[in-house]
Amino acid sequence: MLLYFFLFVIILTPSQKIFADETYVYCSTIKKQWNWLNNKSVKVSGEWKVKELKNIRFIRYFKIDGGVNFVKELQNLCKNEFGQHYLYAQPAKSALEDWYVFGYEDGSLEPGINTYINFYPRFR
């Protein structure tokens, strides 16, 4: 009977993420020059999200744990390591990915270079 109770609870309990996503940080300029922050040794945690913009366009971003102050610290590290033209700290898992930005719980996004998605499937 106890086994049935646990199965019932597991089935009816909404699944939640136990672990946050992790991604690397790179630094970029307005002209799309970029370098991995600290030789690709800086990882941050958070969650990949998609935000709908106007005209059926979407943007993928990384909702970072730590908030605005943490991103400002990353941006300062970028400027210190690569120079004042490296304004943006941005998330990526690899060099082959599109351009993404950091975002926050309220849906606001950090400035940076980003790739727009013109189609995002309804069933995600």
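Here is what the cut-offs are and how they apply
Residues numbered from 1 in each chain as written. Predicted model: local features only at pLDDT ≥ 70, side-chain atom pairs only at ≥ 80, totals over all residues. Heavy atoms only, no water. Pairing = 2+ DSSP bridges. Helix = DSSP H or I, 4+ residues; strand = E, 2+ residues; numbered from the N terminus. Buried < 20%, exposed > 50% of the residue type's maximum accessible area, 1.4 Å probe, protein only. Polar contact = N/O pair within 3.5 Å; in protein donor to acceptor, adjacent residues only side chain to side chain. Contact = heavy atoms within 4.5 Å. Disulfide = S-S within 2.5 Å. Phe/Tyr/Trp six-rings, centres within 6.5 Å; stacked < 30°, edge-to-face > 60°. Lys NZ or Arg CZ within 6 Å of the ring centre and 35° of its normal.

Trainee: Tell me what's going on with the pairing of strand β1 (residues 21–28), and back it up with residues and numbers.
Mentor: The pairing of β1 with strand β3 (residues 43–52) spans four bridges and is antiparallel. Paired with E22 across the strands is S45, a residue of β3. Sheet topology note: the β1/strand β5 (residues 88–92) ladder contains five bridges and is antiparallel. Among the inter-strand pairings, Y24 is bridged to a residue of β5, identified as A92. With antiparallel pairing between neighbouring strands as the criterion, β1 and strand β2 (residues 34–36) make up a hairpin whose turn holds five residues, including K32 at a positive phi of roughly 65°.

Trainee: So what's going on with the side chain of T23? Which residues, and what values?
Mentor: With respect to the helices and strands, T23 occurs in strand β1. With a relative accessible area of 1%, T23 lands in the buried category. A distance of 2.9 Å separates a polar atom in the side chain of T23 from the backbone oxygen of A92. Reaching out from T23, the side chain makes a polar contact with the backbone nitrogen of K93 at a distance of 3.5 Å. Residues in contact with T23, not counting those within four places in the same chain, are V42, K43, V44, W48, F62, P91, A92 and K93.

Trainee: Tell me about the state of the cysteines, and please be specific about residues and values.
Mentor: With the rule as written, the count across this model stands at one disulfide. Each sulfur in the disulfide pair C27 and C78 lies 2.0 Å from the other. Handedness here is read from the sign of the S-S torsion; for C27 and C78, about -75°, the answer is left-handed. Within this pair, whereas C27 is found in strand β1, its partner C78 is found in helix α2 (residues 67–82), the two being separated by 51 residues in sequence. For C27, a relative accessible area of 0% translates into the label buried.

Trainee: So what's going on with the environment of D65? Which residues, and what values?
Mentor: Locating D65 in the fold gives a position in the loop between β4 (58–64) and α2. Residue classification places D65 among the partly exposed residues on the basis of a relative accessible area of 38%. Put simply, D65 and D21 are 44 residues apart on the chain and 9.9 Å apart in space, counted from C-alpha to C-alpha. Those residues in contact with D65 that lie beyond four places of it in its chain are A20, S45, G46 and F70.

Trainee: Got a sec to walk through the pairing of β4? Specific residues and values, please.
Mentor: Every other side chain in a regular strand lies on the same face of the sheet, so the side chains alternate between the two faces. The element β4 is extensively covered by neighbouring structure, given that six of its seven residues are classed as buried. Judged from the seven bridges that link them, β3 and β4 form a sheet pairing that is antiparallel. Bridging across to β4, K49 finds its partner in Y61. A loop of five residues connects β3 with β4, the two strands running antiparallel in sequence, and N55 in this loop sits at a positive phi of about 55°. Here β4 runs beside strand β6 (residues 101–103); their pairing, made up of three bridges, is parallel. Bridge assignment links K63 to a residue of β6, and that residue is G103.

Trainee: How would you summarise the packing of aromatic side chains if you had to cite specific residues and measurements?
Mentor: Scanning the entire structure with this criterion turns up nine aromatic pairs. For the pair W34 and W36, a centre-to-centre distance of 5.4 Å together with 85° between the ring planes defines the contact as edge-to-face. Classification of W36 by relative accessible area gives buried; the value is 16%. Among the aromatic residues, ring-to-ring pairing joins Y24, Y26, W34, W36 and W99 into one connected group. The ring centre of Y24 lies 4.6 Å from the NZ or CZ of K40, which sits over that ring. Note that K40 overlies the ring of W36, its terminal NZ or CZ placed 4.8 Å from the centroid.

That's the geometry; what it means functionally is another story.
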